[in-house]
Amino acid sequence: MSDVPTSMIAESEPLFLELGKALWICQAFEGTLCFLLALIAQDDAQGEPAAFSAAIDLYSQKTLGQLLKRLQTRIAIPAETEKRLMDGWDRRNSIVHRFVHENIGDIMSPKGRLIVEQKLTHHKLTVKLADMSANEILDEYLAKYGLSNEDLKENADRMWNYLNRSSSSDEYLEH
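Before we move on, could you go through the packing of helix α1 (residues 6–44) against helix α2 (residues 49–59) and cite the residues and values that matter?
Viewed as axis vectors pointing N to C, α1 and α2 meet at an angle of 145°, and their least axial separation amounts to 8 Å. In the packing of α1 onto α2, the handedness of the crossing is right-handed. Residues C34, F35, L37, A38, L39, A41 and Q42 of α1 form the contact with α2, whose own contacting residues are P49, A51, F52, A55, I56 and Y59. For the contact of α1 with α2, the per-class residue count stands at 12 nonpolar, 1 polar and no charged.

Next comes the structure, spelled out in structure tokens:
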């Protein structure tokens, strides 16, 4: 049984929901970079499928900073895009490694929690913008294979709906 008072848990739920959303976006950013680097490796290997799998295995073991450094050595990145990527890296590290610790004093009071939640929302947006920038680059590589992020998202939506359906609909299989 937890030693944390029930009221503290209940009153902190909105903040921790926001923290969960922020962590999800941080993971998406890392995943985008890993996927992008794997596509670049496959492109360099002239479409060899094994190159993609090997690159996914390799890059999934790297830190976000290592992924960004690798991307910088592989392709030319416009200065504005690079700034967004680096800002996202900085905010991601803040969220993942320091955010709760640095804000624990404010988390203890109702007004402080609201301030911390707003700060977290801002950090999350910075990471989301970095992910969007990485996805713009990713779309350039996906186009070589006749795909787009939109195609992948639509397929993911269909799969989600199929796997989470409340009826016996085979909507996913129909597309």
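Describe the packing of aromatic side chains, naming the residues involved and giving the relevant values.
According to the stated counting rule, one finds 1 aromatic pair in the structure shown. Geometrically, the ring pair formed by F35 and F52 is edge-to-face, given 5.7 Å between the ring centres and 90° between the ring planes. With F35 in helix α1 and F52 in helix α2, this pair connects stretches of sequence that are 17 residues apart. Classification of F35 by relative accessible area gives partly exposed; the value is 24%. Taking the ring centre of Y162 as reference, the NZ or CZ of R165 above it sits at 4.1 Å.

An account of the nonpolar core is requested, with residue identities and associated values reported.
Ranked by internal contacts, the top residues of the largest apolar core, which has 34 residues, are F29, L33 and L71. Of all elements in the fold, only α1, α2, α3 (64–74), α4 (79–107) and α5 (110–143) reach the threshold of two or more residues within this core. A per-element tally of this core places α1 first, with 13 residues. Residue contacts for L33: discarding those within four places in its chain leaves L64, L67, L68, L71 and A134.

Residue-level account of the pattern of salt bridges, with values.
In the structure shown here, the tally under the stated rule is 8 salt bridges. Here K83 ties to D87 by a salt bridge, and the two come within 2.8 Å at their closest N and O atoms. One end of the pair, K83, and the other, D87, are both in helix α4, 4 residues apart, so they sit about a helical turn from each other.

Give a detailed account of the state of the cysteines, specifying residues and quantitative values.
For the coordinates displayed, the defined rule picks out 0 disulfides. The thiol sulfur of C26 is not disulfide-bonded, and the nearest other cysteine sulfur, from C34, lies at 16 Å.

Cut-off values and rules
Residues numbered from 1 in each chain as written. Predicted model: local features only at pLDDT ≥ 70, side-chain atom pairs only at ≥ 80, totals over all residues. Heavy atoms only, no water. Axes fitted to C-alpha atoms, helices over the stretch in contact; angles between N-to-C directions. Helix = DSSP H or I, 4+ residues; strand = E, 2+ residues; numbered from the N terminus. Left-handed = near helix turned anticlockwise from the far one by under 90°. Contact = heavy atoms within 4.5 Å. Nonpolar A, V, L, I, M, F, W, Y, C, P; charged D, E, K, R; others polar. Phe/Tyr/Trp six-rings, centres within 6.5 Å; stacked < 30°, edge-to-face > 60°. Buried < 20%, exposed > 50% of the residue type's maximum accessible area, 1.4 Å probe, protein only. Lys NZ or Arg CZ within 6 Å of the ring centre and 35° of its normal. Core = buried A, V, L, I, M, F, W, Y, C linked by side-chain atoms within 4.5 Å. Salt bridge = Lys/Arg side-chain N within 4 Å of Asp/Glu carboxyl O. Disulfide = S-S within 2.5 Å.

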